[in-house]
Amino acid sequence: MLDRDGPIPLYVQIAQIIKDLIKTGDLQAGDPMPSEAQIEAEYGVARTTARRVARELREQGLVYTVQGEGTFVGRPGLPRTRRKTPMYQQIANDIVERIRGGELAPNRPIASEKTLMQQYDVAKVTARQAVDYLRQQGWVFTVSYRGSYVTQPDKWPDGAGDGMASTTRHTD
């Protein structure tokens, strides 16, 4: 239980809770620690407070952050438990489903990086990775200073699975 009126900052209290989870073995070396979004939701705190929790634990040498993947228990270089799917791929997969479902039409813009950051509660680098991934796969193209747009269906990647595995393009 957090003491919201006491002298100890909330981020220090939450960091202590996570530190206790590490000590008891509930979080082990290589495990991802709760994301900023999870900390916000679980403890009812602001994004900046959640971010300070990770910084506090990093400063104590208990966790490390891998850009675009998250923050993990232990020291850098240790094997880590990967999240099921990296967040940028989850975002890209959501956008592909919207394209396939007709919600996002060819030559129409996809959400901006800023909108993706807000919608998915991710850092700019993660939103940028999602768009880069979609571009590499052939789902979108980018026009400088304008944004990213859905490509024509004949340019979409092959593959009946999740549509993201292949970079081969239709040549109709």
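Caption draft 1: Spatial organisation of the nonpolar core. Ranked by internal contacts, the top residues of the largest apolar core, which has 20 residues, are Ile91, Ile95, Ile99, Ile110, Leu116, Leu134 and Trp139. Per-element accounting of this core gives the leading share, 6 residues, to helix H4 (residues 87-100). Of all hydrophobic cores here, the second largest spans 17 residues; its members include Tyr43, Val45, Ala54 and Val73.

Caption draft 2: Structural context of the packing of helix H2 (residues 36-43) against helix H3 (residues 47-59). Close contact between H2 and H3 brings their axes to 9 Å; oriented N to C, the two are set at 120 degrees. Classified by the angle their axes make, H2 and H3 are oblique. The two elements H2 and H3 meet at a crossing, and its hand is right-handed. In this structure, H2 uses Glu36, Ile39 and Glu40 to contact H3, whose residues at the interface are Arg47, Ala50, Arg51 and Val53.

Caption draft 3: A look at the packing of aromatic side chains. Under the criterion given, the structure shown has 4 aromatic pairs. Taking 6.0 Å as the distance between ring centres and 35 degrees as the angle between the ring planes, the aromatic pair formed by Tyr64 and Phe72 counts as tilted. Summarising the burial analysis for this pair, Tyr64 and Phe72 share the class buried. Centre to centre, the rings of Trp139 and Trp156 are 5.2 Å apart; their planes meet at 40 degrees, and the pair counts as tilted. Linking Trp139 in the loop between helix H6 (124-137) and strand S3 (140-143) with Trp156 in the segment after strand S4 (147-150), this pair joins segments that are 17 residues apart in sequence.

Caption draft 4: Representation of the confidence of the model for the chain within the structure. Confidence in the prediction of the chain, expressed as mean pLDDT, is 85, and 88% of residues score 70 or more. This stretch, residues 160-172, has a pLDDT under 50; its non-local contacts, to residues over four places away or in other chains, come to 36 contacts.

Caption draft 5: Spotlight on the pairing of S4. Direction of pairing for S3 relative to S4: antiparallel, over a ladder of 4 bridges. Counterpart to Val140 in the pairing with S4 is Val150.

Caption draft 6: Up close: the packing of helix H5 (residues 113-120) against H6. Between H5 and H6, the least distance of the axes is 9 Å, while the angle of their chain directions is 115 degrees. By the angle between their axes, H5 is roughly perpendicular relative to H6. The handedness of the crossing between H5 and H6 is right-handed. Note on element contacts: H6 touches H5 through Lys124, Ala127, Arg128 and Val131, opposite Glu113, Leu116 and Met117.

Caption draft 7: View of the side chain of Thr49. Note on placement: Thr49 falls in helix H3. Setting aside its immediate chain neighbours within four residues, Thr49 contacts Leu10 and Tyr11.

The rules behind the values
- Residues numbered from 1 in each chain as written.
- Predicted model: local features only at pLDDT ≥ 70, side-chain atom pairs only at ≥ 80, totals over all residues.
- Heavy atoms only, no water.
- Core = buried A, V, L, I, M, F, W, Y, C linked by side-chain atoms within 4.5 Å.
- Buried < 20%, exposed > 50% of the residue type's maximum accessible area, 1.4 Å probe, protein only.
- Helix = DSSP H or I, 4+ residues; strand = E, 2+ residues; numbered from the N terminus.
- Axes fitted to C-alpha atoms, helices over the stretch in contact; angles between N-to-C directions.
- Parallel < 35°, antiparallel > 145°, perpendicular 65-115°, else oblique.
- Left-handed = near helix turned anticlockwise from the far one by under 90°.
- Contact = heavy atoms within 4.5 Å.
- Phe/Tyr/Trp six-rings, centres within 6.5 Å; stacked < 30°, edge-to-face > 60°.
- pLDDT = per-residue confidence, 0-100.
- Pairing = 2+ DSSP bridges.

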